[in-house]
Every structure is written in C-alpha cells, then in structure tokens.
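This is what each chain is made of:
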Number of protein chains: 2
Amino acid sequence: DVSRDVNEGLIERFIKEVDNIQIQENLRVLTSVPHMATTEGDEKTVQFMLKRWRDPDSGLDDAWREEYMVYLSFPNSTSPNKVTVVSPSDTVLFTAREKELAYEPAQNDPDVVQPYAAYSPAGHPKGKLVYANQGKVSDYEYLNTTMKVDLTGTIAIVRYGGAGRADKAINAFPFGVIGVLVYTDPLDINDGRMSDVNETYPHSWYMPPSGVERGSFTSQFGDMRTPYLAAKEHTYRIPEADIRGIPPIPIQPIGFEDAYALICELDGQAAPADWRGAFNCSYNIGGPGFRSTSSYNNSDVKLDIYNKGELRNSSNVMGVIRGSVEPDRYIIYGNHRDSWVHGAIDPSSGTSVMLEITRVLGRMVKKGEWRPRRSIIFGSWGAEEFGLIGSTEYTEEYYSKLRDRTVAYINVDISVFANATLRVQGSPNVQSVVFTATKQVKTPGSDSTSVYENWIRFFNRSSPTHGLVPNVAFLTGAGSDYAAFLHFLGITSMDIAYTYDRSKTKARIYPAYHTAYDTFEYSSKFIDPGFTSHQTVARTAGNVLLRLADSLLVPFNCSDYAEGLEQYLSVSLENFSDSLATKGISLEPLKNAVANFRTAATSLNKMIRDSTLAKETPLKVRRINDQLMLLERAFLDPLAFPEKYGYRHVIWASKSSPVPTFPGLADAFARAQESNLPTDWSQVHKHLSIITQAIEGAAYTLGDVI
Amino acid sequence: DVSRDVNEGLIERFIKEVDNIQIQENLRVLTSVPHMATTEGDEKTVQFMLKRWRDPDSGLDDAWREEYMVYLSFPNSTSPNKVTVVSPSDTVLFTAREKELAYEPAQNDPDVVQPYAAYSPAGHPKGKLVYANQGKVSDYEYLNTTMKVDLTGTIAIVRYGGAGRADKAINAFPFGVIGVLVYTDPLDINDGRMSDVNETYPHSWYMPPSGVERGSFTSQFGDMRTPYLAAKEHTYRIPEADIRGIPPIPIQPIGFEDAYALICELDGQAAPADWRGAFNCSYNIGGPGFRSTSSYNNSDVKLDIYNKGELRNSSNVMGVIRGSVEPDRYIIYGNHRDSWVHGAIDPSSGTSVMLEITRVLGRMVKKGEWRPRRSIIFGSWGAEEFGLIGSTEYTEEYYSKLRDRTVAYINVDISVFANATLRVQGSPNVQSVVFTATKQVKTPGSDSTSVYENWIRFFNRSSPTHGLVPNVAFLTGAGSDYAAFLHFLGITSMDIAYTYDRSKTKARIYPAYHTAYDTFEYSSKFIDPGFTSHQTVARTAGNVLLRLADSLLVPFNCSDYAEGLEQYLSVSLENFSDSLATKGISLEPLKNAVANFRTAATSLNKMIRDSTLAKETPLKVRRINDQLMLLERAFLDPLAFPEKYGYRHVIWASKSSPVPTFPGLADAFARAQESNLPTDWSQVHKHLSIITQAIEGAAYTLGDVI
Ligand SMILES: [Ca+2]
Ligand SMILES: [Ca+2]
Ligand SMILES: [Zn+2]
Ligand SMILES: [Zn+2]
Ligand SMILES: [Zn+2]
Ligand SMILES: [Zn+2]
C-alpha cells in the first residue's frame, strides 16, 4: 500500500467518466445570474459549490468556506459613472453609453454591473481629449516630446493592450493628464470587424460596438490593504492613501462605438500608422481637443466617476480528499469563482470543469473504490477579478503549512478560450507529466488524435534533450490565481486551457472577455458547442492531478528545469556578457551555477532510474519526493524584489525588460544600460549574485542529501 | 531498523567514554598559539580539526573546509593604535599601554593582537575627556541635558556593559563626541578588586590592571558587506560606506589601569552614584577635560587609530556522520574556532568538548558499532568573533537545504564559564530532551547528584504544567553562532554551558574574556581544574545530540512551546492591554491565536501518546516528526523587521524594550507610547497582526495535516 503507484486503469476510467453534458449543466447553474465578488450572485455560487462538494454520493471528504474582509471597488449604482462631451457653455453634446446593449434577457439583468475601472479614484476631470495609443510611457512621451502636445489638463483616450490596465493611468499622470478613457479597438479584438448588423455578437463571437471590458486597475495582487497578512476582520490595514499601483487619476472604460465617436472627431496630426486601429479615420492625436469642423469643436470631455472602495466579505470555498499514504502532501487544484458579470467563460468554464473532476473523483471516494496517495485540496477562490485576492489571502494565512507540504498547484481558470488546441504554462519540471497525460487524452471530436499530437502542431519548440515537443510556456506573469502559489510560496504550478488557432484570429482574447456577453449562450454557441473542449480540459487536468496525487514518485523531471535555466542563461550570455565585461562583472559564476544544477539533476535522475522504487524503503522514496517537491522553493528570495509585492521567485518573477531571461538581472541591466550609473551597474551585480546563489542553492537540494 | 529508537545503553556508554583528560589535551593543542580569524594560527586549528575528523579510527564519515571572503578589521601591526594625553604645547603627558602585560610566555607571543575595537574607523580625534558611564543614549543625554556638558569635540570614556560595544560610539556621535575610549571597570568584572600585587591574575581569575577586552564593534551579524549572500569571491559586496551598525567615530578599548589614570584626573561634577565603579575617586564627568590641579590640566586626549578593513579568506571546517534511516534530516552541532588571542575558554573550551564528542562517536562509527538514525553535521565556524560570520555565511549559502532538513542546532561556544551549574538557553520545545539528558549525567565530582538536580538549585522557575523545573532561558539574543540558525533559518536551537554561582561573583563574564589571559594555563588553574566541568558539558550536550539524532520521535515537546507563548502573552496583556484599548487595538486575536496553538499542541501530543510509534508506518512517524521539526519555521517572517539584518523569528528576535514579550510588539509599543503618533500606534497594530498570524500559522502546522 505504501509503495502503491498510480493506477492506469483508474485513470482510463476517470477519462471515460468525464462527461461533457455534466459540464454544460454545471455551467448553466453557475452562470444563471451575475456573480461579481461578494454580491448575492456570488453567495449563490458559494452555496452551489458547497452543495456539490458535500453531496453524499459525489462530494469530497469535507468542504467549507473561508472568509476574508477585503478591499474592493465598486461604481455607485444610484449614481452611475458618466462620460460626456461638454460644450464651453456647458451643454452636453454627447454621452457615452452607461451599460452595454442587451441582446438576450440575461444581459438585461439589473445585477449586470456598469462597465467601470475597479480602483479608479472617483472624480470629475474635464479637459481636451487626446489620443494616446496604448497608454504606455513611450506613448505619452511621444505625444509630449515628438508631437509637442501639451498634455497638461487633458483627458487621454487609449486602447487596451500594450500596458497593464492601471499603468495606462499611472503612466499618464506625470505628463499632467487628468483623466483617462480606455476602449477595445476592433483591430485588437475583432480582427477589424465593427458592425453589429451582422459581423459582431449576436451574429458572431466578436465584441459588439457597445461591449466594454471591465477589469481591476491595479498592478499588484492580493488584498491591497493587507500585504503579507491574511485579511481577517481584526487584521491591520494600511491606509487607503498608502495603496500603491492603482490609478492616481480617474479612468473609465467605454465601448468602441463611443470611442469611435470621440477619436474620429479629434483635431491635430494623424497618429503614426502603428497607433491606428480599425476605425476608418486617421486617429488624430487631438489638438488637444476636437476639430474645428466637428460639432464638438472647443468642447471638453468630462468624466464623472463615483467609484468607491469598500471592505467586503469574500469567500473561498475549500474541499478536500484526504490522502491515504501521505496525507501531509497536498496537490492543490483551484480556480476563482467570481466573475465580472455572468462569467460563463471567465471563470465558470474552469469551475464547471473543476466540478466535473470532483464529481467523478468524489464518486470513487464515496464508493470506497479509491483514495489518493496524497491529499487533494480544491479551492474555489473569491475576488480574483479584483486582483487574485481570495487565493492570495489563502496563501498568506496558511503560508507555513502550504509551503512545507504542497507538491503542486494546478490552475484552470478560463478552461476554453477557443477550441483549437491545448495551451499549458508552468514550471519546466511539470512538462513530463503533462506530456504523459496529453498523450492519453484524445482531442475533441477525435477517436485517434491525442491532445499531445494536436498541441504539438500549434505550439512547439525544439528541446535539446527531447527534440521537437509541445511548448510548455514559462509561467512568468500573474494572470490568474497561480500567482501567489508560484511567486509567493514557490510551489510548482501550472495553468491549463484550450485556446485559439492563431492563424484564424488575432484577437487579444476571446471578444466577450469581462463583458456582459460572457454568458452560457455565448459559450455554448461560439466558444465550445457541445462542450467537448471543456471535457478535454477536464480529462487532461484531471489526469495530471491524478498522476501528481497517486504516483509513488512525484512526477517532476528536474532535468527539464535544468533545460529551462540553460535557456535563460544562454539569453543572458548573448545579451549581457559583453556590456557586463566592460563593467568588470562576469557571468561565469552564473554559468557555473547552472552547470552545477544540471549535474545535480542528472545524478538525481540517475539515482531514480537505478532504483526500483516500489522495493525501496518508504523513507527513501519520501526523501527523493521531498527533493522534487522542494526544488521550486529553493528559488525564493523574499528580499530580491523589495518593490514588488509577493514576487519572491527569482526565476519567474514579473519584469519590465522584454529580454526573456532572469527577471532581476534583465531589469537591472536595462536600468543600468539606460542610466550608466555605477550604482545601477552594482545592482546588476547584486541581482547576478542573488540568482547565482538561488540556483546553487537549488542544486544543493538536488544533490546527495548529506 | 526503520522503527529503531534511541539506545539507552549506547548513551550510557557514550557518557562513560567521554574523558576529561582528552578534553584537556584537545585544549592544549587548540590553544598552543593565538588563532585570530584568518591568521596562521587559525589555519593551524583548521588543519587540526581536519586531522581529527579524518582520523581513520575516531574520525567522521567525511570532513572538509569551506571558505568565504569576508570583511574583517585589524589594527596595523607596524603602526599600533595609540591613546595619549597631549598638552596644549603638544607634549605627550601620558601614553596608554599598547599591549597587555605578560605574566607567562604565551602572553608574550608576537601574534597576540593589540587590544582594539574591530570595525572602529581609523582616525586621530583629539579633544577634552568626559566620563559617560556606559555610553547608553540616556548616559549621553544626561551629560548633555541634566549636567549641561557641551559634548561637541570631546572624547568620551565609558565602561563596558549596559550597551552594545558599537552602540557606545553610535550613541555618542549625535552629541558631537569625536572619539570614545572603553574599559572594563573592576566593579563590573573583578567584584571590585584592582591590584595586581595579589588580587588579580596571576594570583586569581580576576582581570589584571592592563587587561583589555577586545571585541567586534558591530551591531549586526554575518559578513557586513554581503547581507543575505554567501561571501564568495565573486559575490556582490555593498560599499564599505554603506555598512550600517558600526562606529561612526574612532573607538579604542584600554585597561582599567589606564582608565583609572584618566578618569580620576577629570574635572567637573562628580558622576551620579550609579555611574561609579570601583575606582577610589568620584568619577568626575569632566570639565570637559582634566582638573586644573592635574598635571593634565588643559590637555586633550588623543586617539591614533589605524584599523583597516580587509577582505580575508575565512574557513569553516565541516564534518558529517551520515544518518542510516533519515540521512536527509540533520542535527547540527557547532562552535566557532577563531579566538581573539589564545582563546582557551572562548571558544576552545567548546571546541575541545566538540572534539571529544566526535572522538567517542567517531570511534563507534568507524568500528561499525553505531550509525545515527539522522545525519549529524559538525561545524567549526570561522570568524565568529568578528560577528558570527562563518556560521552566518554557511546559512546563507545552504539556506534551502538547511531550512528544509535541519531538526535542531546545538551550540556550545564557551563550554565552561565557571564550574557551578549548567545553563541552557533554547527554544521552549527543547526543554524536555535537555531534562532527560541532564537527569542522566552526574554533576562534576559527584557520583550521585545529577546535573539536573544541581541545575535546579541555581536556575529554576515554576512551570504551570511541570511545577518547579530548571529554567531553560529563552534564546533571544545573537551572542554566538546559534543566531543565524534560530533567527534567520528558524531552526530550533540551544546553547549549552557550565557557569557561575552568582552568589559568589557579580563579574559580567569570566574576567579573562577576550584578553591575552584567556590561556590554557588560566583555564586549567582558575576555570576548571581537572576539566571535569568540560567533561560534564560534553556528556550533557552529547546526550542531547544523540537523543535528537537517534530518537524515533523527534524529542521536542510542542506543549512546552505553548507555555512559552502563554508567558509572553500574559506579559503583553499585563503591560499593553489598557493603553491599546484606548487606541482601539485589541489583544483578543493574539489571545485566541495562543489558545489555538495550545489546543493544537495538546491534540498533537495526545495523538503521539495514543500511538505506538514503533508499530506505525514510517511515513506516519515522519509526518509527526516533520510537524515537530518545522514548527519553529512557522514563526519566521522575513519582512517583520526590515531594519534588522537576519532577524526573521517573530518570537525570539532581539529588541530594545525591556518588557519580556514578543519583540516586535514590545518595541512598537515603546515607540508609540513615547511619540503617541497615530502612525506609531498603527505600527503596534501591524506587529500585533504579524505575531498573531505567525502563531496561528504555527498552530495550523501542529493541527491535523488535512
Ligand atoms: Ca492580505
Ligand atoms: Ca553574507
Ligand atoms: Zn479568470
Ligand atoms: Zn477575469
Ligand atoms: Zn565565543
Ligand atoms: Zn568571543
């Protein structure tokens, strides 16, 4: 029993029992009403999750809720945010749409929240309009310096993309901009299509003219008033004024229909070609302000923003299956539960998949047919849309035990962006188990092609070790709830979804993302009719989960981690070596560290290969498994990025530099190259030492234990 | 074999084989020449340790050296530091002794380093002398404010005690003091005795008039130029100018003979009674400067300091005995190897004990008679005297694997301060294993009285759980190499020694401490004739080591940790509750956290009691052992004390407040009470939340694993 390995028959049975119609019905219930974090609709989904996970026939061993008092931001329902064009005599010449146009009853639900920018301050800025492309620092600089536009007192209109949501306002502020409008250009989301007569939803999956992407306008994750502390009622909170990373000036998202009405009336020079979207006008940058021939001549754009920060009770729903042999080892599988509106794709496509996985596993547990070797924890996180809050508070509260016991975190948020191919992001050491699982699961609608065979056609790379393989992308961002697990806790993580055929669409993301159109009907019609891609993700993620939970040997290949480090190293050598040499800084120590890591990984793998683990003592297997589990932790340095909340992983932390290599090194190098200050070159040296020490430390953990 | 428990017969045999004469002979070799860090003498001790640990009959499985390039500070041997009294016409009226008087040949060794203050800057300050008691902030304030002495441009003379070495200069600087002399008053070290004719060494253990305590004048530990990074040759170093916690002005230690000649000539008012030491004069505070009737009238005191910071190669010597069942669990036993001069007591009394322990254990291993369940790592640390450098660099380099695998750290630095009683400092959970061991070892020179029975007469307390027990003191400082293990890594640690009968002496420490008199002859004559107290410490520490290494169940009692937390809680409630209530800050959450910890500890202990561990699966025993091992780690918060290098343990970190409770809370409370600023009260709330979360997190780790 102690030496029991994964049961392939059980995995086959699991694959067989995962049912697309069950997923569809899960989704129908989850999306019956809007369920924005902490609303009544959210509470309904809490109850639904609890009911399902407590089901006597298909529930888990235990399920409960955990609450946190977190800082959210909402518009005022009785005094909605307004965007208007106001003449010098204070006549309102234009009013942007307050709510998206409804094409089906669900979209008319009074609980559909008005499009807004969460964490935008309230305020009533009024000024001449300018077009500022994507709101990057370079965009405002270009307007200011090259185009000689005085931005003081202006309202900037920018399109989504290129910069983070909050950054569009944060970047604008130093130039004197007093308010920002943001919209989704049809070029970026609709492959250029604009008309709602036949081109856009409900005629296709494309965003209709009134569609607006909501979002959290913050550049850090977790509850912003309780960094590093779980947001209990009694917990110390930093003052609202001390919150960093949120817009210093009001910002509001609008539909492209309204954006068109404003941008195409602007005065001033035509924007550079790469600033232009799909509108049939020249995207003038603004006088500032409108053309003299426009009916808006001399008029200002005014924002009336009534958003308010509030402390609200947000719930995670937790469920567990207790491990039989190593209950103190956890595989965590999670997704957020809260949406902006109905959230059929984001996040309920993931939640309906999670519920199907727990149904199938729960039945086996309840029947006494199976119990995993390790414990499985399921998390239905709250308030992700506001900044990964529920999952982050969870990691803060249970830091110690999660850090010491968690083998892996699997995140399936949007399970199906589109139905073309699998897409996996994760630590390099998960590659092998993902490959094993995907070779065993068939691609939707096929009895012969595996997910793996399909995947490799869409995303592949040439591995020095394995040859041509599907590309498991590095998990470098904070795009969903894996962030706190990977970056803060150093837990090996992955994010799994089905996604686009990029030869068919250039859309930034599926066009209903964070709009009122992200409904059950939209999903079942345009994203995954028949829900077979959902089913494929459930089979794939569940298969990975079972292998992680049941394998005698934790199925991580540390040599694949070495390959990832070698890739980063070669980029660093190529991009930084020469410049650093002139500053007397050598990359040799880093090179040696990566080589030591490779050697340690090779010898651990040889030791594993040379052992018959089922015949070894349980403590020897446990020792190797601990080495594999704790490897990721060795890359944590809680002081490496003092300015970035929660980022402690020196390999996968976020960065500003586009060079695909170690983040601290890349960013320090970019800064030093720009300033050429000796103190900045010292910081490059410092980050080099931090990374080198982390990799050496990781190599020690893989080496002989004594 | 997997369920093998500690063998009591083996422990009895160990006790029997520990030999006082072997310890004496170890000490003789270790102290044959001065062995200050990185000197030739130090290298000799490296070679000696390696020879002993590689001995084919009594050595360890493996032994090696590890080197770090660390920042040390030395006087200039060709241009020694000078302290003089200089008349207005530049005549030198007085010169302080440059070296201590030699009473035996060893003390005449040319390698006896001149007394100096390591890390004092070089410089040549000259000014009127003032007497500033112990150099505390309050002492300088008293002079400045109450006594109306203008300290600008003065040289302060202060006595050891009351404030850290570096602080005496750091505190002086803001008052305009330009140089500091420090000496040991006979009241504080010699129970008042001063004469070398018959009262002091070589006639007794008391410090002779020319004796000077050397020391490191820094208030942080580890290599000061590489915080958080192991000091490899290639490692990034902060600029010397950025080093914090070292004296901003020159400081130099002198003997009390010279201090007497200066202090008793001072002008000005007599010092307050509690500022006075044993000199037969009134400790005038200085005009500033000397009395008009003194031959030093109008003269200045001048310091000529030539200290220099240098990067030097310092070695740790490491040795291991590989564990048979759980090689990936470490018990670390260590002591520093470097001394200021011959260091017979500090540190060689500890090293000679460590070598006797390794001799006895090594023989059993080499004969194939025994191999511990867990691995034992012995560390002979370098450059401790300069600031716990070798041990700290070791923890920085191997952070990840030490953090995940170390069960406990045992420190035996000065093993025998005096031969009256055992003294143990440690985490509360080591109490039980120390009690077990001390009940089994006899006190020196007795066949019947146990160390425990003797100990309880000198240090005891009333435990709510156990009744009257010997007092294991909390390990709150950074007095020796346990600091990085406990405060930085969160490893359960203890420090063991034999010490004074406080009814017989009030000496701050044994009087030869850090002087040229700390020799083999001094130790064998005045500290431990026959070396039986050394033997007793070897037996006790070795017994604890064996129990930690061999017990099936890690012998930590987590309920004793609860008692420690409850003690701190009650002090907080008593001292802070009322004031905090008026600020709307409640201690209830902290109270609940401590109660939850107690409950979790009780239930884990019940589970242990109800199990027959030898019959349980190895993985269940390992799980409980992991809970016990990792408990201490749960108290780490790397961001709790951003200003204090290496202090991450929120229960045992150093503090300024004298209130014996949670350090962050005590210090924040003291600050807020003084300033009464709302932002400072907020910091109290913040620290309360940090401590509460850490204790809750620790309780979770003790609870059911899922
Ligand atoms: Ca928080
Ligand atoms: Ca260091
Ligand atoms: Zn999502
Ligand atoms: Zn989302
Ligand atoms: Zn010492
Ligand atoms: Zn010392």
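Let me sum up the structure you'll find in this document. (Residues numbered from 1 in each chain as written. Chains lettered and ligands numbered in written order. Predicted model: local features only at pLDDT ≥ 70, side-chain atom pairs only at ≥ 80, totals over all residues. Heavy atoms only, no water.)

Before going further, it helps to examine the overall build of chain A. Of regular secondary structure, chain A possesses 20 helices and 19 strands. For chain A, whose C-alpha radius of gyration is 26 Å, the value lies close to the compact-globule estimate of 27 Å for 706 residues. If you line up chain A on its principal axes, its C-alpha atoms span 85 × 65 × 55 Å. Scored against the burial criterion, the 706 residues of chain A give a buried share of 65%. When contacts within chain A are restricted to residue pairs at least 6 apart in sequence, long-range pairs at least 24 apart make up 79% of them. Here chain A displays about 23300 Å² of accessible surface, and carbon together with sulfur accounts for 49% of that area. Looking at chain A, you have 70 positive and 83 negative side-chain charges, and the mean spots of the two groups are 4 Å apart. (Helix = DSSP H or I, 4+ residues; strand = E, 2+ residues; numbered from the N terminus. Rg over C-alpha atoms; globule rule 2.2 N^0.38 Å. Buried < 20%, exposed > 50% of the residue type's maximum accessible area, 1.4 Å probe, protein only. Contact = heavy atoms within 4.5 Å. Areas by Shrake-Rupley, 256 points an atom, 1.4 Å probe, with all protein chains shown as cover. Lys, Arg positive; Asp, Glu negative; His and termini not counted. Charge placed at Lys NZ, Arg CZ, Asp CG, Glu CD.)

All names here are of chain B. Only Thr-226 (O), Thr-226 (OG1), Leu-229 (O), Glu-393 (OE), Glu-393 (OE) and Glu-396 (OE) from the protein coordinate the calcium ion (ligand 2), and they sit 2.2 to 2.5 Å from it. Mapping the donors of the calcium ion (ligand 2) onto the primary sequence gives the spacing T-x2-L-x163-E-x2-E. Summarising the burial analysis for this pair, Thr-226 and Leu-229 share the class buried. (Donors = N, O, S within 2.8 Å, 3.2 Å for Na, K, Ca; no water.)

With that settled, the discussion passes to unusual backbone geometry. Of note, the amide linkage connecting A:Tyr201 to A:Pro202 takes the cis form, showing an omega dihedral of 10°. Within the fold, A:Pro202 resides in the loop between α6 (186–189) and β9 (215–216). Even without being a glycine, A:Asn133 presents a positive backbone phi close to 55°. Tracing the backbone through its elements, the reader meets A:Asn133 in the loop between β6 (129–131) and α4 (137–146). In this structure A:Asn133 comes out as buried when scored by relative accessible area, which is 3%. Unlike most non-glycine residues, B:Tyr119 shows phi in positive territory, near 80°.

Moving on: the relation of the copies chain B and chain A. Of the two same-sequence chains, chain B is brought onto chain A (RMSD 0.0 Å, axial shift 0.0 Å) by a rotation of 180°. These values place the two chain copies in the arrangement generated by a two-fold rotation axis. Taken together, the interface assignments show that 100% of the residues at the interface of chain B recur at the interface of chain A, consistent with an identical surface on both copies. (Least-squares fit on C-alpha atoms with pLDDT ≥ 70 in both.)

Looking now at the coordination of the calcium ion (ligand 1). Residue and element names in this part refer to chain A. Coordination sphere of the calcium ion (ligand 1), protein contribution only: Thr-226 (O), Thr-226 (OG1), Leu-229 (O), Glu-393 (OE), Glu-393 (OE) and Glu-396 (OE), at 2.2 to 2.5 Å. One way to put it: the six donor atoms around the calcium ion (ligand 1) meet at angles of 53 to 166°, and that makes the site irregular. Taken in chain order, the donor set of the calcium ion (ligand 1) reads T-x2-L-x163-E-x2-E. Of this pair, Glu-393 and Glu-396 both sit in helix α9 (residues 389–397), three residues apart, which is roughly one turn of the helix. Of the residues examined, Glu-393 reaches a relative accessible area of 0% and is grouped as buried. (Tetrahedral: all angles 85-135°; square planar, octahedral: opposite > 155°, others 65-115°.)

Interface size is commonly expressed as the accessible area that is lost once the parts come together. Taken together, the contact pairs 51 residues of chain B with 51 residues of chain A. Of the roughly 4600 Å² buried where chain B meets chain A, counting both sides, 61% is carbon and sulfur surface. On the chain B side of the contact with chain A, B:Tyr236, B:Leu619 and B:Ile706 bury the most area, a combined 17% of that side's loss. Here chain B and chain A share six salt bridges between them. A salt bridge links A:Arg622 to B:Asp626; its shortest N-O distance comes to 3.4 Å. Inspection of the chain B/chain A interface yields 20 residue pairs in polar contact (both at pLDDT 80 or more). Secondary-structure elements contributing two or more residues to the side of chain B that touches chain A are β13 (326–336), β14 (374–381), α9 (389–397), α10 (399–405), α18 (618–630) and α20 (678–702) of chain B. Top element by residues in the side of chain B that touches chain A is α20(B). It accounts for eleven residues. (Buried area = accessible area lost by both parts, 1.4 Å probe. Salt bridge = Lys/Arg side-chain N within 4 Å of Asp/Glu carboxyl O. Polar contact = N/O pair within 3.5 Å; in protein donor to acceptor, adjacent residues only side chain to side chain.)

All names here are of chain B. Residues of helix α2 (residues 20–30) that are buried: Asn-20, Ile-23, Gln-24, Asn-26, Leu-27 and Leu-30. The buried residues of α2 occupy one face: seen down the axis, they fall within an arc of 160°. Residues of α2 that are buried make contact with α3 (40–53), α8 (348–366), α14 (520–527) and α15 (532–550). One side-chain oxygen of the residue at the start of α2 lies 3.3 Å from the amide nitrogen of Ile-21, identifying that residue as Asp-19. (Arc of directions from axis to C-beta.)

Next up on the list: the state of the cysteines. What is meant by a disulfide is a covalent connection between two cysteines, made through their sulfur atoms. All names here are of chain B. Taken as a whole and judged by the stated rule, the model has two disulfides over all chains. Each sulfur in the disulfide pair Cys-264 and Cys-281 lies 2.0 Å from the other. Residues Cys-264 and Cys-281 share a disulfide whose torsion about the S-S bond is about -70°; that sign makes it left-handed. Taken together, the residues span a long stretch of sequence, with Cys-264 in the loop between α7 (256–263) and β11 (300–304) and Cys-281 in the loop between α7 and β11 at a distance of 17 residues. Judged by its relative accessible area of 21%, Cys-281 falls in the partly exposed class. (Disulfide = S-S within 2.5 Å.)

Turning our attention to the packing of helix α11 (residues 431–440) of chain B against α15(B). All names here are of chain B. The interhelical angle for the contact between α11 and α15, taken along N-to-C directions, is 130°, at an axis separation of 9 Å. By the angle between their directions, the pair α11 and α15 is classed as oblique. For the crossing formed where α11 meets α15, the hand is right-handed. Of the residues in α15, those in contact with Val-433, Val-434, Thr-436, Ala-437, Thr-438 and Gln-440 of α11 are Thr-540, Asn-543, Val-544 and Arg-547. Its residues assigned to classes, the contact of α11 with α15 shows four nonpolar, five polar and one charged. (Axes fitted to C-alpha atoms, helices over the stretch in contact; angles between N-to-C directions. Parallel < 35°, antiparallel > 145°, perpendicular 65-115°, else oblique. Left-handed = near helix turned anticlockwise from the far one by under 90°. Nonpolar A, V, L, I, M, F, W, Y, C, P; charged D, E, K, R; others polar.)

Here we come to the sheet that holds strand β7 (residues 155–159) of chain B. All names here are of chain B. Strand order in this open sheet of four strands is β6-β7-β8-β10, and the pairing throughout is parallel. Looking at the sheet topology across the chains shown, the edges are occupied by β6 (129–131) and β10 (251–253). Strand-to-strand twist of the sheet, defined as the mean angle between neighbouring strand axes without regard to direction, takes the value 25°. Two elements, strand β8 (residues 179–183) and β10, share three bridges in a ladder whose sense is parallel. For Val-180, the partnering residue across the bridge sits in β10 and is Ile-251. Of the strands in this sheet, β7, β8 and β10 touch helix α5 (residues 165–172), which is tilted by about 145° from β8. Docked against the sheet, α7 engages β6, β7 and β8, running at close to 125° with respect to β8. (Pairing = 2+ DSSP bridges.)

A word on empty space enclosed by the protein. Summed over the entire model, instances satisfying the criterion amount to eight cavities of 30 Å³ or more. Taken as a whole, the largest cavity spans an internal volume of roughly 810 Å³. Around the largest cavity, the lining is made up of 40 residues, and of these A:Tyr399, A:Pro638, A:Arg648, B:Tyr399 and B:Pro638 lie nearest the centre. When residues in the lining of the largest cavity are grouped by element, the largest group, five residues, is from helix α20 (residues 678–702) of chain A. Tallied by class, the residues present in the lining of the largest cavity amount to 21 nonpolar, six polar and 13 charged. (1 Å grid on protein atoms, 1.4 Å probe; cavity = no way out; pocket = protein on both sides within 12 Å on 5 of 7 lines; lining within 4 Å. Points joined across faces, edges and corners; volume = space filled by probe spheres on them.)

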